[in-house]
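Secondary and tertiary structure notes
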Amino acid sequence: MDHTTGGAPTRPPQGVAGAVLLLGVLLAGAAPLIPLAVLVYRYEPELLPLFAVPLAVLVAAWRIARDRARDQLTDPLTDLPNRQALLIAAQEAIAEHAEGYSVGLILLDLDRFRSLNDTLGHTAGDRLLVHIARRLHRALRSGGAAGSATRESIDDVFAGLPRHYRGRPMVARMGGDEFAVLLPGIGCPDSLEKVAKALIAELAAPIRLDGLLLVLEASAGVCVYPQHAQDAESLLRRADVAMGHAQRGRTSVEQYDEAQDADTPYRIGLLGDLRRALETGEVQLHYQPKVAFDGRVVGLEALLRWERPGQGKVSPDEFVGLAESSGLMPRLTDYVLEAAVGQLATWREQGLQVQVAVNVSPRDVLNPGFAQRVAGHLVRHQVPAHALQLEITERLLLDDSRRAADTLAELRGYGVGMSLDDFGTGHSSLVRLRSLPVGELKIDRSFVSRMVADDHDAAVVRCSVELAHSLGLTVVAEGVEDDETWERLNRMGVDAVQGWLVSAALPAEQATAWLRVHRTGAPPVERLTSAPAVQLPSVIHPVRPPVLPPVPHVLPPVIQAVQAAKLEIQAPGQQSWAPTRPQ
C-alpha cells in the first residue's frame, strides 16, 4: 500500500460503509473496539469487512440478552407483565414521585377457577386466562365498552386525579388465576375499591368457551401506598391479605385492614406468646351456665381466657382468629378439648353430672380424623360421650356441607352432642340445616339483647324458635341480661337461656361452687339418653338431646340460689362472657 510520509491514506476512505460499520459497532455495545476500528478505517480500510463477524456475534448476543430480559418480566401465557415486572413498576412509581404521591394496587383472584380448570381441562383453562387478561387490559386501557358501568366507574376515578398525578395503569398476571392492577396516582382506598368492583363486574360478563356459556366471579384486595404499606413488597403482600379476607368472607372486595393481618410485628409476637401459653397452660377455660326456666342446669359453655404476661388480657376474638389464620387452630382446639374433658372428669368424680359445650372451628371439623381425636380425649379421661357437646357455626354449612355432615354424623354416632351456634348471623339454608345432625340451636345474642327494644329482632327470635322446634331441635338463647328478656323468651317457648342474668363465665373453681349451690335448690341434672349408636372403646356411650319439661312462668330459682350462697359474681361490663370461636 502507498502512503505519504505523513501517514495519510493515498486513496479516499470508504466513507459511507466505514461510518455505518462504526455506528454498528457502537450500537452493538462494543465501544472498546472503536479505537481499533478507527485505525483500520484510516490505514487499512479493506480490512473493515473482517469486523462483520464479531459485529454479527455481538448483535446476536445483544438480541438474546434483550429477549431474555423481556422473558424474565413477561408472563409467557398471557404476554402480560409478571410479578417481577409489577414489583419493578411499583418501586419506580414510588421512587420517582414527590411526597404526597400515592400508588394503588388491586389484586384479583378468580373464584373456583381450579374446579373449572379440572373440569374443562388445562388447555381450555389457559384459553380462559388469556381471555381474562385481554378483558382486564382492555378495561383499563379504554374503560370498558362505551356506556358500560365499568367505563363510567373507571373514568370517574381518573377524572378526579390531578393531571400530573395520573400514571399509566399496569395489568399483570401474578401466576395461576391471580392478576394485579397497579394504579399510580390513586391514593384513596374507596376509589380503588370502586375500580375493583368495576373490574369484577367486567369479568362477570358471560364468556362462551367450547360451546359453554361461563360466568366468572372474582375477589379483590385493595392496598394503597403509603397509607397501608411503605414499599412495593409490602404493598403486594398486604393486597394479598385483603384479597384473602374477601374470599373467606365472600364480600367481593376488601380494603387492607391491619387487624386482619397475621404478619404485623404485634401479631407475630402475639402468635409466639400464644404458642408458649399453650405449652405452659396459661390459657384458661371459664364456664358459663345454660339453664332451663325451671332452674335446671342444661349445661355449661367453655370459654377461652388468656392474660398475656406483662400485656394484660387479650380479647378471645383476637387470639382465636389469629390461631385460625396461622394454622395454630388444631393445636388450640386440642388444648381446649383436653382441658374441658379433664374438667368434666373432675366434676363427675365429685358427683356433678353436667354437660360442657366446646366451640370448634369449621376448619377443625373438615380436618380428617377430627372425630377420632375427640373420641381419644373422652376415652383417655373416662368420660361418656354425652357429657360433651360441640358448638359449630353456620359458616360450616358454606365451606363443605357434605364433608362436615359426615364428620358430625360420626361424632353423633359416638354420642357427642351437637349445637348450631350464632344462628341467624350466617348464610345457611334450610336444606343444609336439615342435613346436619345437630340437636340444639343457639340464637345469637345480637338478636336476643335487642328483642325488648326492637320488634324486628323479637320477630327473628320468635321465628327461629318455631323453626327449630319444627325440626325437633331444642333452643338456647344467648345474651340474656334482664328480667323482661327472660319473660319474653319464656313466653316464646325457648328451652334454655345463657347470659349475665344467670351467671358470668366463671373459672373452674367458682363454677364448681356454683354447681354445688345450685344442685341443693333445684332438681338434679337429667342424664341424656339416645337411640342405638356406634360403640367406642371404654366409656363412650350414645345419647339423644335432652327433653326439657314444660316451661313454667316463674323467675329462675338458680338466681335465688346464687344470691343465697352470696357468690361474688362480677357486674356486667367488668368481664366479657361472649363465646370465643374463630369466625
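Model, not experiment: these values are computed from the prediction.

About the criteria used
Residues numbered from 1 in each chain as written. Predicted model: local features only at pLDDT ≥ 70, side-chain atom pairs only at ≥ 80, totals over all residues. Heavy atoms only, no water. Helix = DSSP H or I, 4+ residues; strand = E, 2+ residues; numbered from the N terminus. Buried < 20%, exposed > 50% of the residue type's maximum accessible area, 1.4 Å probe, protein only. Pairing = 2+ DSSP bridges. Axes fitted to C-alpha atoms, helices over the stretch in contact; angles between N-to-C directions. Parallel < 35°, antiparallel > 145°, perpendicular 65-115°, else oblique. Left-handed = near helix turned anticlockwise from the far one by under 90°. Contact = heavy atoms within 4.5 Å. Nonpolar A, V, L, I, M, F, W, Y, C, P; charged D, E, K, R; others polar.

Let us now look at unusual backbone geometry. Looking along the chain, the bond that leaves tyrosine 225 and enters proline 226 is cis, with omega of 5°. Of note, aspartate 79 is a non-glycine position whose phi angle comes to about 65°, a positive value. Tracing the chain through its elements places aspartate 79 in the loop between helix H3 (52–72) and helix H4 (83–95). We classify aspartate 79 as partly exposed; its relative accessible area is 48%. Despite not being glycine, serine 252 shows a phi value in the positive range, around 75°. Along the chain, serine 252 falls in the loop between helix H9 (232–249) and strand S7 (253–255). The exposure class assigned to serine 252 is partly exposed, which follows from its relative accessible area of 28%.

The subject of this paragraph is the pairing of strand S3 (residues 178–184). Burial analysis of S3 places seven of its seven residues in the buried class, which makes it a mostly covered element. Alternating residues of S3 divide into Glu178, Ala180, Leu182 and Pro184 and Phe179, Val181 and Leu183, and every residue in both groups is buried. As judged from the seven bridges shared by strand S1 (residues 103–110) and S3, these two strands associate in the antiparallel manner. Bridging across to S3, leucine 107 finds its partner in alanine 180. Direction of pairing for strand S2 (residues 170–175) relative to S3: antiparallel, over a ladder of five bridges. Of the residues in S3, the one forming a bridge with alanine 172 is alanine 180. Counted between consecutive antiparallel strands, the loop separating S2 from S3 contains two residues, among which glycine 176 sits at a positive phi close to 60°.

Another point: the packing of H4 against H9. For the pair H4 and H9, the least separation of the axes is 9 Å and the interaxial angle reads 120°. By the criterion of interaxial angle, the relationship of H4 to H9 is oblique. Handedness of the H4/H9 crossing: right-handed. Residues Arg83, Leu86, Leu87, Ala90, Gln91 and Ile94 of H4 touch H9, and the partners they reach there are Ala232, Glu233 and Leu236. Looking at side-chain class alone, the contact of H4 with H9 contains six nonpolar, one polar and two charged residues.

Most of S1 is tucked away, with eight of its eight residues classed as buried. Neither face of S1 is exposed, since Val103, Leu105, Leu107 and Asp109 on one face and Gly104, Ile106, Leu108 and Leu110 on the opposite face are all buried. Sheet analysis places S1 next to strand S6 (residues 218–225), joined by eight bridges and oriented antiparallel. Of the residues in S6, the one forming a bridge with leucine 110 is alanine 218.

Now for the sheet that holds S3. Read from one edge of the open sheet, five strands run S2-S3-S1-S6-S7, paired in mixed fashion. On the outer flanks of this sheet lie S2 and S7, each paired with one strand and no other. Each adjacent strand pair in this sheet contributes to an overall mean axis angle of 20°, direction not counted. Against the sheet, H4 engages S1, S2, S3 and S6, with an angle of about 140° to S2. Together, S1, S3, S6 and S7 form the strand contacts of helix H8 (residues 189–203), whose direction differs from that of S6 by roughly 155°.

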